[in-house]
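# Breakdown of the fold
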Amino acid sequence: GAGVSQSPSNKVTEKGKDVELRCDPISGHTALYWYRQSLGQGLEFLIYFQGNSAPDKSGLPSDRFSAERTGGSVSTLTIQRTQQEDSAVYLCASSPRLTPASYGYTFGSGTRLTVV
Amino acid sequence: DQQVKQNSPSLSVQEGRISILNCDYTNSMFDYFLWYKKYPAEGPTFLISISSIKDKNEDGRFTVFLNKSAKHLSLHIVPSQPGDSAVYFCAAREGDSSYKLIFGSGTRLLVRP
């Protein structure tokens, strides 16, 4: 596609439920990132996928969070047993390079998750 | 421990005047600095960047200044336009082999007509 596509754009879920967020990166982009932006906070790194290598999961805040990238393309971020503090905008980004160039990487529009 | 700090959460400027957005960092290993702009309900979009070996980079109305000794950078927008109203994020890269960008908390700019 022309850009990074994320779905759903908005998700309201009840506390304790599981949610799945989807990211379609730009075709051919090797690197894929998940970030989140909580209210009043900056963008917080969650996870990085690079080709077929093991992902860097060092930013995942708890073991309730997991992510997959199937076939080197689409990625899903799963949050189990959601808590209110998980409410945030979850942003996916992709890059043709393994490391960000001087122009960084391209973000999707995000999924706004609200846990009630 | 925030490595990239944007201490002003908001800034209001009259149309046509200069907007100056500031960013401080603590990590001397950062080699590239980027500014992103974010409109509501959209993802951040790249605006301008600067290498740590330079002290200024200009692109149209946007200029980024880097003061390495002070570990400070600033984004100047001249003249400011109402369409510039957005949240601006400062970001930094820790060397060419690093794949992460470290972001500040953002500054919301409002340009008043």
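Up top you'll find the structure we're talking about.
Because the structure is a prediction, the values reported are computed rather than measured. (Residues numbered from 1 in each chain as written. Chains lettered and ligands numbered in written order. Predicted model: local features only at pLDDT ≥ 70, side-chain atom pairs only at ≥ 80, totals over all residues. Heavy atoms only, no water.)

Attention now moves to the overall build of chain A. When helices and strands are tallied, chain A shows 0 helices and 10 strands. Starting at the N terminus, the α and β elements of chain A follow one another as β-β-β-β-β-β-β-β-β-β. Taking 13 Å as the expected radius of gyration for a compact globule of 116 residues, we find that chain A reaches 13 Å, a close match to that expectation. Dimensions of chain A, computed from the C-alpha atoms along their principal axes, are close to 40 × 25 × 25 Å. Pairs at least 24 residues apart make up 56% of the contacts formed inside chain A by residues separated by at least 6 positions. (Helix = DSSP H or I, 4+ residues; strand = E, 2+ residues; numbered from the N terminus. Rg over C-alpha atoms; globule rule 2.2 N^0.38 Å. Contact = heavy atoms within 4.5 Å.)

All names here are of chain A. Scanning all chains against the criterion turns up 2 disulfides over all chains. The partner cysteine of C23 in its disulfide is C92, sulfur to sulfur 1.9 Å. Across the S-S bond of C23 and C92 the torsion is about -65°, and the bridge reads as left-handed. Linking C23 in strand β3 (residues 19-24) with C92 in strand β8 (residues 88-95), this pair joins segments that are 69 residues apart in sequence. (Disulfide = S-S within 2.5 Å.)

Here we take up the interface of chain B and chain A. Taken together, the 21 residues of chain B in the interface contact 24 residues of chain A. Carbon and sulfur atoms supply 60% of the area that chain B and chain A bury against each other, a total of about 1700 Å² over both sides. On the chain B side of the interface with chain A, the three residues burying the most area are P44(B), Y99(B) and F103(B), jointly 34% of the side's total. At the junction of chain B and chain A, the tally comes to 0 salt bridges. Contributing elements (two or more residues each) for the side of chain B that touches chain A: β4 (32-38), β5 (45-51), β9 (86-93) and β10 (101-103) of chain B. With 4 residues, β4(B) is the single largest residue contributor to the side of chain B that touches chain A. Split into classes, the residues belonging to the side of chain B that touches chain A amount to 10 nonpolar, 6 polar and 5 charged. (Buried area = accessible area lost by both parts, 1.4 Å probe. Salt bridge = Lys/Arg side-chain N within 4 Å of Asp/Glu carboxyl O. Nonpolar A, V, L, I, M, F, W, Y, C, P; charged D, E, K, R; others polar.)

This part is about the pairing of strand β4 (residues 31-37) of chain A. Residue and element names in this part refer to chain A. With 7 of 7 residues buried, β4 is to be regarded as a mostly interior element. Neither face of β4 is exposed, since A31, Y33, Y35 and Q37 on one face and L32, W34 and R36 on the opposite face are all buried. In terms of strand pairing, β4 meets strand β5 (residues 43-50) through 7 bridges, oriented antiparallel. Bridging from a neighbouring strand, A31 pairs with Q50 of β5. Hairpin connection between β4 and β5: a loop of 5 residues separates the two successive antiparallel strands, and G40 in this loop has a positive phi of roughly 75°. With 7 bridges connecting them, β4 and β8 associate as antiparallel partners. Bridge pairing in β8 places A31 opposite S95. (Buried < 20%, exposed > 50% of the residue type's maximum accessible area, 1.4 Å probe, protein only. Pairing = 2+ DSSP bridges.)

All names here are of chain A. Overall, the coordinates contain 7 salt bridges over all chains when judged by the stated rule. R36 serves as the salt-bridge partner of E44, at 2.9 Å between the closest nitrogen and oxygen. A relative accessible area of 9% places R36 in the buried class. Where D86 meets R64, a salt bridge forms, and the shortest distance between an N and an O atom there is 2.8 Å.

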